[in-house]
Amino acid sequence: MLDSIVEIHLEKEVRGKNVEEPFCSQYRCGSLLGSGGFGSVFSGHRLSDGLQVAIKQISSDRVQQWARLPGELSPVPMEIVLLQRLSEVGGHKGVISMLDWFEVEGRGFLLVLERPPQCQDLFDFITERGALSERLALRFFRQILEALQFVHAHSVVHRDIKDENIVVDTRTLEVKITDFGSGAPLKDAPYSEFEGTRVYSPPEWILSQSYEAVSLTVWSLGVLLFDMVCGDIPFERDQDIIGAAPIFTRRISKECQSLIRWCLSYRPEERPTLEEILSHPWMKGGEEEEEEGGDLQEDHSSLPCHSL
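All of these numbers come straight from a predicted model, not from anything done at the bench.

What follows concerns the overall build of the chain. Scanning the chain from N- to C-terminus turns up eleven helices and 13 strands. Out of the 308 residues in the chain, the part that is buried amounts to 52%. Taking all contacts inside the chain whose residues are at least 6 apart in sequence as the whole, residues at least 24 apart take part in 63%. Total accessible area on the chain is roughly 13800 Å²; 47% of this is exposed by carbon and sulfur atoms.

Below is the structure:
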């Protein structure tokens, strides 16, 4: 599908990060990794050096938000603007990098993203191994928090933090945040639109279709941490989200339960900031624990990263 778009409409490829070199002279597209409401993600590689990449194809009619890059007259998907903003300041090891982007006129956009070797999204990681030990969950959670600090510091909010949008390098246990398709520029004022995942959304969105960036992010982090240590998300129905009372299905330390409940406070103003989460006693408890190999009982082959 993507190859046909690129080959047939190559002469209509009009814009990109590197407009001198068209897509097909720089990259080769491989198999489909996954698809969703955003479009499709394919494996691929860079012809110049063989670098493995992910190629995300976004159809124009599926773009929810448009924005303009500096010096560009026509808008591009907001995801491109946000990823380029993060790239221009040097990027972060915990955030997926956009290497290139291209517009195929009349059809959509191609985003060329880094693809870590031996990667698996956190949803599949948990599905395959079951609930994570607190030590491993802490290792992942700290990396995610530090990446989000970077993202917020550069005026971007992700708005769809969940296990499917975290990829794990199964060799190093380093994680990266992916899929900024629901992201937006960070602002202090409330947001009244949301394209994220409902079961990760907070009570204020369910009740009044309004939320603020940090309190939304922190609520989602509470859902994510519960998911990591219990093996599944705490809420499935709107009434459970509004109840804001997670029921722990596994034996979890009091400190970990305390942090999850704090993140899942019903009132947004009672939730912690990212900095306060990092200072929580549970986060401090494993700072000296760096070697996590024992948490992976066997060497599993990785599944494709399909959430980029």
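Glancing now at the packing of helix α5 (residues 134-153) against helix α7 (residues 213-230). Look at α5 against α7: their axes get within 10 Å of each other, and the N-to-C directions meet at 160°. The angle between α5 and α7 falls in the class roughly antiparallel. α7 is crossed by α5, and the crossing has right-handed handedness. On the side of α5, the interface is formed by Glu134, Ala137, Phe140, Phe141, Ile144, Leu145, Leu148 and His152, while α7 contributes Val214, Thr217, Leu221, Leu224, Leu225, Met228 and Val229.

Scanning the model with the defined rule gives 13 aromatic pairs in all. Relative to Phe109, the ring of Trp101 lies with its centre 6.4 Å away and its plane at 40°, an arrangement referred to as tilted. We classify Phe109 as buried; its relative accessible area is 2%. Ring centres of Trp219 and Phe235 lie 5.8 Å apart, and the angle between their planes is 20°; this geometry places the pair in the stacked category. Of this pair, Trp219 sits in helix α7 while Phe235 is found in the loop between α7 and α8 (238-243), placing the two residues 16 residues apart along the sequence.

Of all eight residues in strand β4 (residues 52-59), seven are buried, a share of seventy percent or more. As judged from the six bridges shared by strand β3 (residues 39-46) and β4, these two strands associate in the antiparallel manner. By the bridge assignment, Gly44 is partnered in β4 with Val53. In this antiparallel pair of consecutive strands, β3 and β4, the connection spans five residues, and Gly50 shows a positive phi of 80°. Note that β4 and strand β8 (residues 108-114) share seven bridges and pair antiparallel. Bridge pairing links Ala54 to Leu113 in β8.

Here we come to the UniProt feature "binding site: ATP" (unreviewed entry) in the chain. The UniProt record annotates "binding site: ATP" (unreviewed entry) at Leu33, Gly34, Ser35, Gly36, Gly37, Phe38, Gly39, Ser40, Val41, Lys56, Glu114 and Asp121. Mapped onto the secondary structure, Lys56 falls in strand β4. Side chain to side chain, Lys56 and Glu79 meet in a polar contact 2.9 Å long. Among the structural elements, Glu114 can be located in strand β8. In this structure the side chain of Glu114 is engaged in a polar contact, spanning 2.9 Å, whose partner is the backbone nitrogen of Ser97.

Turning our attention to the UniProt feature "active site" (unreviewed entry) in the chain. Per the UniProt entry, the sites bearing "active site" (unreviewed entry) are Asp160 in this numbering. Relative to the helices and strands, Asp160 resides in the loop between β10 (156-157) and β11 (166-169). Once residues lying within four places of it in the same chain are set aside, the contact partners of Asp160 are Asn165, Ser182, Gly196 and Thr197.

This brings us to the sheet that holds strand β12 (residues 175-177). Taken in spatial order, the three strands of this open sheet run β9-β11-β12, and their pairing is antiparallel. Single-partner strands in this sheet number two, and they are β9 (119-121) and β12. On average, adjacent strands in this sheet sit at an angle of 30° to one another, irrespective of strand direction. Here three bridges tie β9 to β11, and the two strands are oriented antiparallel to one another. Opposite Asp121, over in β11, you have Val167 as the bridge partner. Sitting on the sheet, helix α4 (residues 122-129) touches β9 and β11, and the angle it makes with β9 is about 85°. Most of the contacts of α5 go to β12, to which it runs at about 40°, and overall it touches β11 and β12.

What counts, and where the lines are drawn
- Residues numbered from 1 in each chain as written.
- Predicted model: local features only at pLDDT ≥ 70, side-chain atom pairs only at ≥ 80, totals over all residues.
- Heavy atoms only, no water.
- Helix = DSSP H or I, 4+ residues; strand = E, 2+ residues; numbered from the N terminus.
- Buried < 20%, exposed > 50% of the residue type's maximum accessible area, 1.4 Å probe, protein only.
- Contact = heavy atoms within 4.5 Å.
- Areas by Shrake-Rupley, 256 points an atom, 1.4 Å probe, with all protein chains shown as cover.
- Axes fitted to C-alpha atoms, helices over the stretch in contact; angles between N-to-C directions.
- Parallel < 35°, antiparallel > 145°, perpendicular 65-115°, else oblique.
- Left-handed = near helix turned anticlockwise from the far one by under 90°.
- Phe/Tyr/Trp six-rings, centres within 6.5 Å; stacked < 30°, edge-to-face > 60°.
- Pairing = 2+ DSSP bridges.
- UniProt positions renumbered as here; feature names shortened; annotations may be inferred.
- Polar contact = N/O pair within 3.5 Å; in protein donor to acceptor, adjacent residues only side chain to side chain.

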